[in-house]
Amino acid sequence: MVKICCIGAGYVGGPTMAVIALKCPSIEVAVVDISVARIQAWNSSELPIYEPGLDEVVNQCRGKNLFFSTDVEKHVSEADIVFVSVNTPTKTRGLGAGKAADLTYWESAARMIADVSKSDKIVVEKSTVPVKTAEAIERILTHNSKGISYQILSNPEFLAEGTAMKDLFNPDRVLIGGRETAEGRKAVEALKSVYAQWVPQERILCTNLWSAELSKLAANAFLAQRISSVNAMSALCEATGADVSQVSHAVGTDSRIGSKFLNASVGFGGSCFQKDILNLVYICECNGLTEVGNYWKQVIKVNDYQKSRFVNRLVSSMFNTVSGKKIGILGFAFKKDTGDTRETPAIDVCKGLIGDKAHLSIYDPQVTEDQILRDLSMNKFDWDHPIHLQPPPSPASVKQLRVVWDAYEAAKEAHGLCVLTEWDEFKTLDYKRIFDSMHKPAFVFDGRNVVDAEKLREIGFIVYSIGKPLDPWLKDMPAVA
Ligand SMILES: NC(=O)c1ccc[n+]([C@@H]2O[C@H](COP(=O)([O-])OP(=O)(O)OC[C@H]3O[C@@H](n4cnc5c(N)ncnc54)[C@H](O)[C@@H]3O)[C@@H](O)[C@H]2O)c1
Ligand SMILES: O=c1ccn([C@@H]2O[C@H](COP(=O)(O)OP(=O)(O)O[C@H]3O[C@H](CO)[C@@H](O)[C@H](O)[C@H]3O)[C@@H](O)[C@H]2O)c(=O)[nH]1
């Protein structure tokens, strides 16, 4: 029986391995992690991550050919194929701080593989890594090999959170990069045969190692760039009276451009886009390609601009001060259908409002109070470390904040309401009831364009929707970003 071990039981390792276990009953899959709490959660009825459809698959396979364990060394030593899906945070200190990927966790995983292995292994990069990481890993493994042979493959993951199971069952493509040698090709074939159990052959792309590593960073850069492009247009729409949804539709119907990923928003979030682009920028700079790096850096600058533009619009609309005013926040996750808050735009918006002395009342159907307090008290990039190694949160430093378990409670006696995640339930709230419970004038700032602005205006709200023609009220109070 082929044995697979995945180091890292996170958002990628957990769902990916669960799907491999489901689709390949003849393979034994062990997912291992240094975080005891995470492994306990994977072995319980409350999985550590919320992902639609994940519970069913885990319940079907756990204990049969899918195991979660903290016995990292045992499972690695027994495996034929070792996936590495550990954190690759942005460095916060030293060379490349603020941009380069920190490969500490990757390197320690590689050294551990070298220490405990007693048989030949295929080591698969599942984490998103800088181009040429495979070479570094190869060196660590071969210099400590004790005669064992290793083949390194790059098999970046393209799943998006909230739709991870769908993406894994039916991927646009699976990418496998390997060495162009006989042993390299054999390793690629071995991994290909795993995915071929459910992915059509033509969707399994095989490339050299560096193309696979770079394609992951490139794909995320292209996706994020589309959002920054439409968000840049949204500012221009507000200034000119154009409607960004109409512009996106008109642009996206050009088959060369395509209609997906053109929704204007308060900004993109998530654990990957910013981190991967910073990583890309650093690689460009290291290769002397300053202009190329600057081009991609602009995608992040526009994203930061979009978040601060939203806060400025809100504050300036409310008579240039939110000091002591209650603002209801609807949604904190970085997108709907996930409880993940990593790099969510809600963090920057809430910090901006707290900085202006607003009192916040936050509601999100999937995010806990503890997580929100952690996020608002954490330093930039600290989130991307195994949880037990993160600096302890200092929630006491986050004042002026309440986390509530109901949208109506968040809105009660508020002066303004912000929609920061596009949860479906925000479309169907009783906005008349909300209006009646708020101070007047009552404002709604829709950072996701989910509310029916016209209906809300009829009720009496002053509404700001990203990239839409402005209310007369807002026109008279221009936002200075
Ligand atoms: N989240 C996504 O949607 C997504 C998608 C594609 C790629 N990626 C990439 O995949 C990688 C993992 O991302 P994630 O979101 O799953 O992160 P995560 O933080 O959810 O999971 C990483 C896990 O690795 C564990 N870990 C760290 N070092 C370890 C070690 N030495 N031994 C054992 N376990 C260790 C941590 O405890 C943690 O549970 C990152 O490189 C990320 O950029 C993420
Ligand atoms: O038109 C859009 C589409 C998305 N977003 C925002 O962009 C962010 C990222 O969304 P999405 O890409 O759907 O989620 P992720 O889980 O971050 O997935 C991205 O990052 C993963 C990690 O690398 C990749 O594997 C995926 O392919 C890539 O889509 C979220 O804040 C969304 O709200 C918009 O603002 N407008």
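Keep in mind the model is a prediction, meaning the values are calculated, not measured. The residue numbering used here restarts from 1 in each chain and proceeds along that chain's sequence as written. Chains and ligands are labelled sequentially in the order written, the chains with letters from A and the ligands with numbers from 1. At least 70 in pLDDT is required for a residue's local features to be given in this predicted model, at least 80 for side-chain atom pairs to be given and counted, and no such filter applies to totals for whole chains, interfaces and linings, which use all residues. For side-chain calculations, the full set of non-hydrogen atoms in the structure is used, while hydrogens and water are omitted.

Here we come to the site of ligand 2. Surrounding ligand 2, one finds 21 residues, the nearest of these being Phe158, Leu159, Ser265, Cys272 and Arg448. Glu161 is positioned such that a nitrogen or oxygen atom in its backbone is 2.8 Å from an oxygen atom of ligand 2. Polar contact is defined as a pair of N or O atoms within 3.5 Å, subject to the rule that within protein one atom must be able to donate a hydrogen and the other to accept it, and that residues adjacent in sequence are counted only when both atoms are side-chain atoms. The side chain of Arg448 places a nitrogen or oxygen atom 2.6 Å from an oxygen atom of ligand 2. Strands here mean DSSP runs of E at least two residues long; helices mean DSSP runs of H or I at least four residues long; both are numbered from the N terminus. Counting residues per element, the ones that place at least two in the shell around ligand 2 are helix H9 (209-240) and helix H11 (273-286). Here the shell around ligand 2 takes four residues from H9, the largest share from any one element. Grouping the constituent residues of the shell around ligand 2 by class yields eleven nonpolar, four polar and six charged. Any residue with a heavy atom positioned within 4 Å of a molecule or strand is treated as near that molecule or strand. Amino acids are sorted into nonpolar (Ala, Val, Leu, Ile, Met, Phe, Trp, Tyr, Cys and Pro), charged (Asp, Glu, Lys and Arg) and polar (every other residue, Gly among them).

Once that is clear, we can look at the UniProt feature "active site" (unreviewed entry) in the protein. UniProt positions are given in the numbering used here, feature names are shortened, and annotations may be inferred rather than shown by experiment. Under the present numbering, the feature "active site" (unreviewed entry) in UniProt falls on Cys272. Position of Cys272 among the secondary structure elements: in the loop between helix H10 (244-252) and H11. The classification of residues rests on relative accessible area computed with a 1.4 Å probe and restricted to protein chains. Under 20% of the type maximum is buried, over 50% is exposed, and intermediate values are partly exposed. For Cys272, a relative accessible area of 29% translates into the label partly exposed.

Relative to strand E8 (residues 204-208), strand E7 (residues 174-178) is paired through five bridges, and the arrangement is parallel. Bridging from a neighbouring strand, Val174 pairs with Ile204 of E8. One crossover worth recording links E7 to the parallel E8 by way of helix H8 (residues 182-195), and it is right-handed. Pairs of strands are assigned from DSSP output, requiring at least two bridges between the strands. Handedness of a crossover is defined as follows: with both strands directed away from the viewer, a clockwise route from the first strand across the helix to the second makes it right-handed.

Assignment of secondary structure puts Leu456 in helix H17 (residues 453-459). Each C-alpha atom, one on Leu456 and one on Phe435, is 8.8 Å from the other, the two residues being 21 residues apart in sequence. When near neighbours in sequence (up to four residues on either side) are disregarded, Leu456 contacts Tyr431, Val444, Val451, Phe461 and Val463. The criterion used for residue contact is that any of the two residues' heavy atoms lie within 4.5 Å.

With that settled, consider helix H12 (residues 290-317). A helix is expected to reach a length of 1.5 Å times the quantity of its residues less one. With 28 residues, H12 extends 39 Å between its outermost C-alpha atoms, agreeing within 8% with the 40 Å of an ideal straight helix rising 1.5 Å per residue. Residue Phe319 follows H12 closely and has a positive phi angle near 65°.

Taken together, 26 residues surround ligand 1, and among them Asp33, Arg38, Thr88, Glu161 and Lys275 come closest. Within the side chain of Asp33, a nitrogen or oxygen atom sits 2.6 Å from an oxygen atom of ligand 1. Between ligand 1 and the protein, one listed contact pairs an oxygen atom with a side-chain N or O atom of Thr88 at 2.6 Å. Partitioned by chemical class, the residues of the shell around ligand 1 number nine nonpolar, ten polar and seven charged.

What follows covers unusual backbone geometry. In this structure, Pro441 follows Lys440 across a cis peptide bond, with omega equal to -5°. As for its placement among the helices and strands, Pro441 is situated in the loop between helix H16 (431-437) and strand E13 (443-446). The phi torsion at Lys357 lies on the positive side, around 70°, for a residue other than glycine. Structurally, Lys357 can be placed in the loop between helix H13 (345-355) and strand E10 (359-363).

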